[in-house]
Amino acid sequence: DAGITQSPRYKITETGRQVTLMCHQTWSHSYMFWYRQDLGHGLRLIYYSAAADITDKGEVPDGYVVSRSKTENFPLTLESATRSQTSVYFCASSPQTGGVNTGELFFGEGSRLTVL
Amino acid sequence: SQKIEQNSEALNIQEGKTATLTCNYTNYSPAYLQWYRQDPGRGPVFLLLIRENEKEKRKERLKVTFDTTLKQSLFHITASQPADSATYLCVWGYAGNNRKLIWGLGTSLAVNP
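Residues numbered from 1 in each chain as written. Chains lettered and ligands numbered in written order. Predicted model: local features only at pLDDT ≥ 70, side-chain atom pairs only at ≥ 80, totals over all residues. Heavy atoms only, no water.

1. With respect to the environment of Ser29(B)
All names here are of chain B.
Stage number 1. For Ser29, the location among the structural elements is in the loop between strand 3 (19-25) and strand 4 (32-38).
Stage number 2. Owing to a relative accessible area of 33%, Ser29 belongs among the partly exposed residues under this scheme.
Stage number 3. Considered as a pair, Ser29 and Lys55 are 26 residues apart in the sequence and their alpha carbons are 13 Å apart.
Stage number 4. Among all residues touching Ser29, those that are not within four sequence positions of it are Thr68 and Trp92. (Helix = DSSP H or I, 4+ residues; strand = E, 2+ residues; numbered from the N terminus. Buried < 20%, exposed > 50% of the residue type's maximum accessible area, 1.4 Å probe, protein only. Contact = heavy atoms within 4.5 Å.)

2. Let's talk about the interface of chain B and chain A
Size of an interface, as often reported, equals the accessible area lost when the parts are brought together.
Stage number 1. Taken together, the contact between chain B and chain A spans 18 residues of the former and 21 residues of the latter.
Stage number 2. For the chain B and chain A pair, buried surface summed over both sides reaches about 1,600 Å², with 52% attributable to carbon and sulfur atoms.
Stage number 3. The tally of links from chain B across to chain A stands at one salt bridge.
Stage number 4. With a closest N to O distance of 2.7 Å, Arg42(B) and Glu109(A) form a salt bridge.
Stage number 5. Of all the secondary-structure elements, those providing two or more residues to the side of chain B that touches chain A are strand 4, strand 5 (45-51) and strand 10 (97-103) of chain B. (Buried area = accessible area lost by both parts, 1.4 Å probe. Salt bridge = Lys/Arg side-chain N within 4 Å of Asp/Glu carboxyl O.)

3. Comments concerning the pattern of salt bridges
Stage number 1. Scanning the entire structure with this criterion turns up eight salt bridges over all chains.
Stage number 2. One salt bridge in this structure joins Arg44(A) and Asp38(A), with 2.9 Å as the shortest N-O distance. Like Arg44(A), the residue Asp38(A) is buried in the burial classification.
Stage number 3. When the shortest N-O distance is used, the salt bridge between Arg37(B) and Asp39(B) registers 3.0 Å.
Stage number 4. By relative accessible area, which is 25% here, Asp39(B) ends up partly exposed.
Stage number 5. Salt bridges sharing common partners tie together Arg36(A), Asp38(A) and Arg44(A).

Printed below as a string of structure tokens:
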């Protein structure tokens with residue numbers, strides 16, 4: 001089906017373990033994003049990508065790594081999970097029209113991560 | 001720093017009435033404001049975008065206004081329905097740069113039958 005899918009939807013891990021959250025979109029949107037959503041905070045940008053092989057840090061990148069070898073995939077890796085990374089993670093994509101980003105984001109359903 | 005403020009108190013209204021949600025911002029006017037809907041356990045869904053040079057935007061039962069003097073956007077849902085119950089997020093954005101979006105915490109709307 002067309003859209004943006006995240007996996008896993010739920011994940012429980014332990015402190016210090018590596019975790020990878022997957023994101024796949026079928027629209028061939030140029031831009032992709034990873035956000036985290038926590039109580040008391042608005043959505044906060046972790047990393048974004050303007051195109052394949054182009055990534056950059058957002059507001060809260062520490063402890064996270066991303067890659068984008070293909071336009072449709074944008075995995076997020078927590079190299080050594082900490083309790084403070086317990087959160088709901090959202091992947092999003094956005095089209096670029098005529099060289100200008102339109103601003104509208106399309107979100108996945110989220111990955112709820114618990115770090116014990 | 002730039003901030004977006006939405007009413008943290010839940011809004012409860014009767015079915016059929018108009019719901020009005022407020023979004024205030026500090027400091028700089030955005031190039032645009034976006035409104036999203038978020039249901040529990042789901043990702044946000046884009047509803048409307050209004051640019052700095054627009055005063056009003058409509059889409060079906062939805063209407064957004066933008067007042068740069070008041071530094072405020074109002075989001076209206078007319079003829080509200082229980083299915084409109086959700087959290088509504090306001091987002092402040094730079095021109096052509098959606099990696100610097102600033103998200104509000106959202107206002108929860110409950111439409112009672």
